[in-house]
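# Overview (structure and organization)
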Amino acid sequence: MTLAPAQAVSQFDECRKQLEEALSLVQTVKIANEDITKFHGRMTQQDKEHHHAMAEIEALQYSLYERDVYEDLEEKIRKQAEQQMEATIEEQVKAELKKFIPQDQQEQVSRVNQELYSIMIDLHNSESRRANSFLQQEMNKQLNTIKMPNGNVSEYFPKTLKDLFELDEERIDKLAADYPGYHPEGSPFVRVNQFLQFCGVRYQLVSVT
């Protein structure tokens, strides 16, 4: 079969067109592959940089942690050394004073110090009772503390008015043992009111029958 010149030219053009499209597609795929390769390379580099940055951050955090631990340990050692030094100096001063101050005068100074200490406790308790007398009926209001003769506050002492109003018999007995000035008598209800008075609180629990 023989093609006419016009048909041959048309088929040739069609083949050339298909070839050009194929070449164009190959070029597009090639460019896409190159872009993918470049993108993968950039991602790999960014991943390396990220890991490197994280490693630096971790190293810095560890360094800061070590420094904090060292500084904390150094501070504890310094305080301990200061306390030991103060205790040593105090013992030396006491030893020297005994050489120059007669025993009876030392005992007198000790008694005066004890009296002053008791006065300071009484003053604190007096101020606390005065402050407690102005407390409003707000259950979460902080209760001003009453100190024991040794200068500490009983672990059973109520922290708020709510705790104060909710005292039970067991806790009242423990408070009575800690505070010589508190002498509870009567029913649990009455004993709570007695402790309210002991603390300086103006309010009293009222029995509802």
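Residues numbered from 1 in each chain as written. Predicted model: local features only at pLDDT ≥ 70, side-chain atom pairs only at ≥ 80, totals over all residues. Heavy atoms only, no water.

Along the protein chain, the regular secondary structure elements total 5 helices and 0 strands. Helices and strands in the protein chain line up, N terminus first, as α-α-α-α-α. Every one of the 209 residues in the protein chain was classed for burial, and the buried ones make up 16%. Looking at the protein chain alone, contacts between residues at least 24 apart form 37% of all its contacts between residues at least 6 apart. By element, 56% of the accessible surface of the protein chain is carried by carbon and sulfur atoms, the whole surface being about 16600 Å². (Helix = DSSP H or I, 4+ residues; strand = E, 2+ residues; numbered from the N terminus. Buried < 20%, exposed > 50% of the residue type's maximum accessible area, 1.4 Å probe, protein only. Contact = heavy atoms within 4.5 Å. Areas by Shrake-Rupley, 256 points an atom, 1.4 Å probe, with all protein chains shown as cover.)

It is worth spelling out the side chain of Ser154 at this point. Secondary-structure assignment places Ser154 in the loop between helix 2 (103-132) and helix 3 (161-165). Here Ser154 falls in the buried class, since its relative accessible area comes to 4%. Residues in contact with Ser154, not counting those within four places in the same chain, are Met148, Leu175, Asp178 and Tyr179.

The description of two aromatic rings rests on the distance between their centres and on the angle between their planes. Overall, the coordinates contain 6 aromatic pairs when judged by the stated rule. One aromatic cluster is present, built from ring pairs that chain together Phe157, Tyr179, Tyr182, Phe195 and Phe198. The ring of Phe198 carries the charged tip of Arg129 above its face, separated from the ring centre by 4.8 Å. (Phe/Tyr/Trp six-rings, centres within 6.5 Å; stacked < 30°, edge-to-face > 60°. Lys NZ or Arg CZ within 6 Å of the ring centre and 35° of its normal.)

Treat this as a map of the structure, not an account of what it does.
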